[in-house]
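Reading the structure
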Amino acid sequence: MESSGSISSFASKVIGSLPVIGLLARIVSDEGGVGGDVIDFAEFRRRVGKKSTVNDSRAFYEFQDRRGRAGDPLYVLLCCWLAAVGAGLLKSEEILEGVARLRISNDIEFEEQNFIALMNEARERRAKLNVKAPSIPMEVRVEKALEAIYVCCFGEDLIEDEDEKLLQIMLSAVFPSVKQSQIETMIKDKVRRVAEGDEENLPKPKPLSKEAVQLQMKDLQFLRQNRET
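Residues numbered from 1 in each chain as written. Predicted model: local features only at pLDDT ≥ 70, side-chain atom pairs only at ≥ 80, totals over all residues. Heavy atoms only, no water.

The name given to the protein chain in an unreviewed UniProt entry is Photosystem I assembly factor PSA3, chloroplastic, with Punica granatum as the source organism.

1. A look at the overall build of the protein chain
In terms of helices and strands, the protein chain carries eleven helices and zero strands. Starting at the N terminus and walking to the C terminus, you meet the elements of the protein chain as α-α-α-α-α-α-α-α-α-α-α. Out of the 229 residues belonging to the protein chain, those deemed buried represent 43%. Counting contacts in the protein chain only where the partners sit at least 6 residues apart, residues at least 24 apart contribute 74% of the total. As displayed, the protein chain has an accessible area near 12,500 Å², and 53% of this comes from carbon and sulfur atoms. (Helix = DSSP H or I, 4+ residues; strand = E, 2+ residues; numbered from the N terminus. Buried < 20%, exposed > 50% of the residue type's maximum accessible area, 1.4 Å probe, protein only. Contact = heavy atoms within 4.5 Å. Areas by Shrake-Rupley, 256 points an atom, 1.4 Å probe, with all protein chains shown as cover.)

2. Thoughts on the packing of helix 5 (residues 73-86) against helix 8 (residues 138-154)
Look at helix 5 against helix 8: their axes get within 8 Å of each other, and the N-to-C directions meet at 145°. Classified by chirality, the crossing of helix 8 by helix 5 is right-handed. Two secondary-structure elements touch here, helix 5 through Tyr75, Val76, Cys79, Cys80, Ala83 and Ala84 and helix 8 through Arg141, Lys144, Ala145, Ala148, Ile149, Cys152 and Cys153. Among the residues forming the contact of helix 5 with helix 8, the class breakdown is eleven nonpolar, no polar and two charged. (Axes fitted to C-alpha atoms, helices over the stretch in contact; angles between N-to-C directions. Left-handed = near helix turned anticlockwise from the far one by under 90°. Nonpolar A, V, L, I, M, F, W, Y, C, P; charged D, E, K, R; others polar.)

3. Remarks on the packing of aromatic side chains
Counted according to the given criterion, the structure contains three aromatic pairs. Their ring planes at 15° and their centres at 5.5 Å tell us that Tyr150 and Phe154 sit as a pair that is stacked. With Tyr150 and Phe154 both in helix 8 and four residues apart, the pair spans about one turn of that helix. A relative accessible area of 2% places Tyr150 in the buried class. Here the aromatic cluster, defined as three or more aromatic residues joined through ring pairs, consists of Phe63, Tyr150 and Phe154. Sitting over the face of the ring of Phe41, Arg45 holds its NZ or CZ atom 4.8 Å from the ring centroid. (Phe/Tyr/Trp six-rings, centres within 6.5 Å; stacked < 30°, edge-to-face > 60°. Lys NZ or Arg CZ within 6 Å of the ring centre and 35° of its normal.)

4. Details of the packing of helix 4 (residues 54-67) against helix 9 (residues 161-174)
The geometry of helix 4 relative to helix 9 is characterised by a closest axis approach of 9 Å and an angle of 140° between their N-to-C directions. Accordingly, the angle class assigned to the pair helix 4 and helix 9 is oblique. Taken as a pair, helix 4 and helix 9 cross one another with a handedness that is left-handed. Contacts between helix 4 and helix 9 involve Asn55, Asp56, Ala59, Phe60, Glu62, Phe63, Arg66 and Arg67 on the former and, on the latter, Glu162, Asp163, Leu166, Leu167, Ile169, Met170, Ala173 and Val174. A class-by-class count of the residues in the contact of helix 4 with helix 9 yields nine nonpolar, one polar and six charged. (Parallel < 35°, antiparallel > 145°, perpendicular 65-115°, else oblique.)

5. Concerning the environment of Met119
Looking at where Met119 falls in the secondary structure, it is placed in helix 7 (residues 108-129). A sequence separation of 30 residues divides Met119 from Leu89, and the C-alpha atoms of the two residues are 5.6 Å apart. Those residues in contact with Met119 that lie beyond four places of it in its chain are Val38, Trp81, Val85, Gly86, Leu89 and Leu90.

6. Re the pattern of salt bridges
Tallied over the entire structure, the rule returns eleven salt bridges. Arg66 is the salt-bridge partner of Glu160, the closest N and O atoms lying 2.8 Å from each other. Of this pair, Glu160 sits in the loop between helix 8 and helix 9 while Arg66 sits in helix 4, and the two are 94 residues apart along the sequence. Glu160 sits in the partly exposed class, given a relative accessible area of 48%. For the salt bridge of Arg67 with Asp157, the shortest nitrogen-to-oxygen distance reads 2.8 Å. Separated by 90 residues along the polypeptide, Arg67 in helix 4 and Asp157 in the loop between helix 8 and helix 9 bring together distant segments of the chain. Taking the relative accessible area as the measure of exposure, Asp157 reaches 38% and is therefore partly exposed. (Salt bridge = Lys/Arg side-chain N within 4 Å of Asp/Glu carboxyl O.)

7. Considering the confidence of the model for the protein chain
With 71% of its residues at a pLDDT of 70 or more, the protein chain has an overall mean of 80. In the model of the protein chain, helix 1 (residues 4-17) stands out as the element of lowest mean pLDDT, 43, in contrast to helix 9, which has the highest, 97. With pLDDT under 50 throughout, residues 1-36 is counted as low confidence; its partners more than four residues away or in other chains account for 51 contacts. (pLDDT = per-residue confidence, 0-100.)

Okay, here's the thing in structure tokens:
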């Protein structure tokens, strides 16, 4: 007879191999992964794309038309990935400083590798201390995604009515388990705070240390070489 722990481990590996169910299980789990993994950005966006409707996809590209380069669908999805997978591993300031830097640098591969390195470091620290990752409610993850999208795609601009509608569609597509009414309330609250000037402490993009940059550049070069071979 297997112990309950081994049965749970086996179930996690099975769930992780399933397409859409696996995605939802990974997002919901404490560390954003099952079977000992953290879902990477490429897999995250593929699976979000698979379950998105035509209307959902149209919203992402209409948002880019309105916001320009900063509203690239990949940037929006990166913000959602960080909230869905990184919440509990990444500090809020790490997420916001990274996406603020992305708005200026447009180097999404570099930022993705930096975020992965930060998440891996957090997991290793927790493993050494034998501390479990905190359980982050899905509603909080949506709020974190919205904050990241604002910093990355709006800078300090006001959120207009059409932007509101598109944000509602995009966030609902990525986080279908959260009620649309809750997402709508979050967005309206964000719109109000921005309009009233309550967003004065927005993070500024911080340059990474020379050592961190060199490490990430090595990782990027390795990835690009593998793609070419």
